[in-house]
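# Fold and geometry: a report
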Amino acid sequence: MSSLTTPSLSPAARLRGLKPDWLADPKVWRTEVLAGLVVALALIPEAISFSVIAGVDPALGLFASFTMAVTIAVVGGRRAMISAATGAVALVIAPLNREHGLGHLVAAVILAGLFQVVLGALGVAKLMRFIPRSVMVGFVNSLAVLIFMAQVPEMRDVPWAVYPLIAGGLALMVLFPRITTAVPAPLVSIVILTAITVGAAIAVPTVGDKGTLPSSLPAPGLPDVPFTLDTLTTIAPYAFAMALVGLMESLMTAKLVDDITDTPSNKTRESVGQGIANIVTGFFGGMGGCAMIGQTMINVKVSGARTRLSTFLAGVFLMVLCVAFGPIVSDIPMAALVAVMVMVSFATFDWHSVAPGTLRRMPAGEIAVMVITVVCVVATHNLAIGVVVGSVTAMVVFARRVARFADVTSVTGPDGATVVHRVTGELFFASSNDLVGRFDYANDPDHVVIDLSAAHIWDASSVAALDAIGAKYARRGKTVEITGLNDPSARLHGRLTGELAAEH
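Read on for an overview of the structure. Numbering of residues starts from 1 in each chain and follows the order in which that chain's sequence is written. Restriction of local features to residues with pLDDT of at least 70 applies here, the model being predicted, together with a cutoff of 80 or more for giving and counting side-chain atom pairs; totals for whole chains, interfaces and linings are based on all residues. The side-chain quantities take in all heavy atoms of the structure and omit both hydrogens and water.

### Re a nonpolar patch on the surface
What goes into a patch is any residue over 30% in relative accessible area without a salt bridge, connected to like charges within 9 Å or, for nonpolar side chains (Val, Leu, Ile, Met, Phe, Trp, Tyr), within 5 Å. The Shrake-Rupley method, run with a 1.4 Å probe sphere, supplies the accessible areas, and residue values consider only the shown protein chains as cover. Each salt bridge in this description consists of a side-chain nitrogen of Lys or Arg and a carboxyl oxygen of Asp or Glu lying within 4 Å of one another. The grouping of Phe148, Phe346, Trp351, Val354 and Leu359 at the surface amounts to a nonpolar patch, some 450 Å² of accessible area in total. Helix and strand assignments come from DSSP, with helices taken as H or I runs of at least 4 residues and strands as E runs of at least 2, each series counted from the N terminus. Within the element layout of this structure, Phe346 appears in helix H15 (residues 334–348). Relative accessible area decides the class of each residue, using a 1.4 Å probe on protein chains only: under 20% of the type maximum gives buried, over 50% gives exposed, and in between gives partly exposed. In this structure Phe346 comes out as partly exposed when scored by relative accessible area, which is 45%.

Dropping the structure here:
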């Protein structure tokens, strides 16, 4: 007697199946390594600039970018996303550093990380489903505008040679991929422009002009603050604000990368991972951070990275470049990095969303939401504020649109003694407020039937409106019968009717 058995894989085969993509495929490995190098080069001036905004030494911004990237590569939920020191976080914690000093800032970063871990564990990532597409498009477009605007100061009051260098960098990034995509075009552009400026001794602003690069690795330690309740009450508001801003930007960026790569990510793990990364960063004396959208676009959209390796190497390369190759990195012309970021801004912008054909087809309310999101972000330089305002605007637009669907049609019985008012639509605070005025209380017959078989009661405002309608008829000696309630509506109406009279 023979039996059929499923052939088992050899240990070597099982091990190959467990290998990450970048280890199993040399081409992927090369892409990830080169992408990490490009991102590291782009991170240096950004981290220094954000350090200036926060009012701390440039080394703290670079340390934060190093520890955030390395930690989130391990614990984060979205592969290939870059987390580092960011302008949004710098704006939140700058007043704390200015008023109370660096020790309080570092303590706030650690507390913000703890807040993020708790919020992530409580499922704050699930709120992402309430952000409509029009807000997401506005978020992406405002991001592109902010990236471009951040480059404008680098093009003002500079030597004339800066402009042809930027133009040359853009040309290289457009044309080089037609020759080969084995090496990221931004890296080629940075190397060539640096060689030109150094070889020809062209005097233009360089990375070194932004600040002194660190010469050693960061060392862990506790923040230099008294561990008292007074310290906690001082840092808690700033820490909570930083936690919310960081989570919102990180989750929005993760969703954007999901769409670009057509792959899912674990938003809860990303939320908790952001918190862990900030805790680690705080203990290493960094200024904290979150997902960095511009550098993520360089990594994912421009360089084609898809794994955690590029994120991890971005942090490692950043420290190696600063500590071991500081003099060389300092000679990179800012024009080369400006060209990279300008290209990123154009690649990030959703041009289809502003095409005339798209605008003609889109509902006016959704266009308004997108524009309001962009205007708020650009005006405040805060992506979180724009997303909140845009989402609230979208909810108001939706509520107004749905409220119009509530309608009342009336049929009087043959004997003239009864009238049936058939209500159709969704009854909630926006639609039920107008419902009270849709009935002829004086001229209706003595028996009034309100048929709700084609309606649904969503909230207490709707129950209160129905009670008000009944009370108006009762004052005229007429009776009201409510029929056709579905089960959820009947339960809500039965629980609240007659209990809301104080609201009228």
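### Describing the sheet that holds strand S4 (residues 418–427)
Pairing between strands is defined by DSSP: at least two bridges between the two strands are required. Taken in spatial order, the four strands line up as S3-S4-S5-S6 in an open sheet, and their pairing is mixed. Here the strands that pair on one side only, and so sit at the sheet edges, are strand S3 (407–412) and strand S6 (479–483). In this sheet, adjacent strand axes meet at a mean angle of 20 degrees when their direction is disregarded. Here S4 pairs with strand S5 (residues 447–457) via nine bridges, running parallel. Among the inter-strand pairings, Thr424 is bridged to a residue of S5, identified as Ala454. Seen against the sheet, helix H20 (residues 460–474) touches S4, S5 and S6 and runs at an angle of roughly 170 degrees to S5. Each of S5 and S6 touches helix H21 (residues 487–496); the most contacted strand, S5, lies at about 120 degrees to it. Axes here mean lines fitted to C-alpha atoms, for a helix over just the part in contact, with angles spanning 0 to 180 degrees between N-to-C directions. Any two residues whose heavy atoms approach within 4.5 Å at even a single point are treated as in contact.

### Quick notes on the side chain of His421
Along the chain, His421 turns up in strand S4. Polar side-chain contacts of His421 include one of 2.5 Å to the side chain of Ser410. Pairing of N or O atoms within 3.5 Å defines a polar contact, subject to two protein rules: one partner must be a possible hydrogen donor and the other a possible acceptor, and residues neighboring in sequence count only if both atoms are side-chain atoms. Among the polar contacts listed, one links the side chain of His421 to the side chain of Asp444, at a separation of 2.9 Å. Sequence-distant contacts of His421, defined by excluding residues within four places in its chain, comprise Val408, Thr409, Ser410, Phe439, Asp444, Val448, Val449, Ile450, Asp451 and Tyr473.

Everything listed here is a matter of geometry and, on its own, says nothing about what the molecule does.
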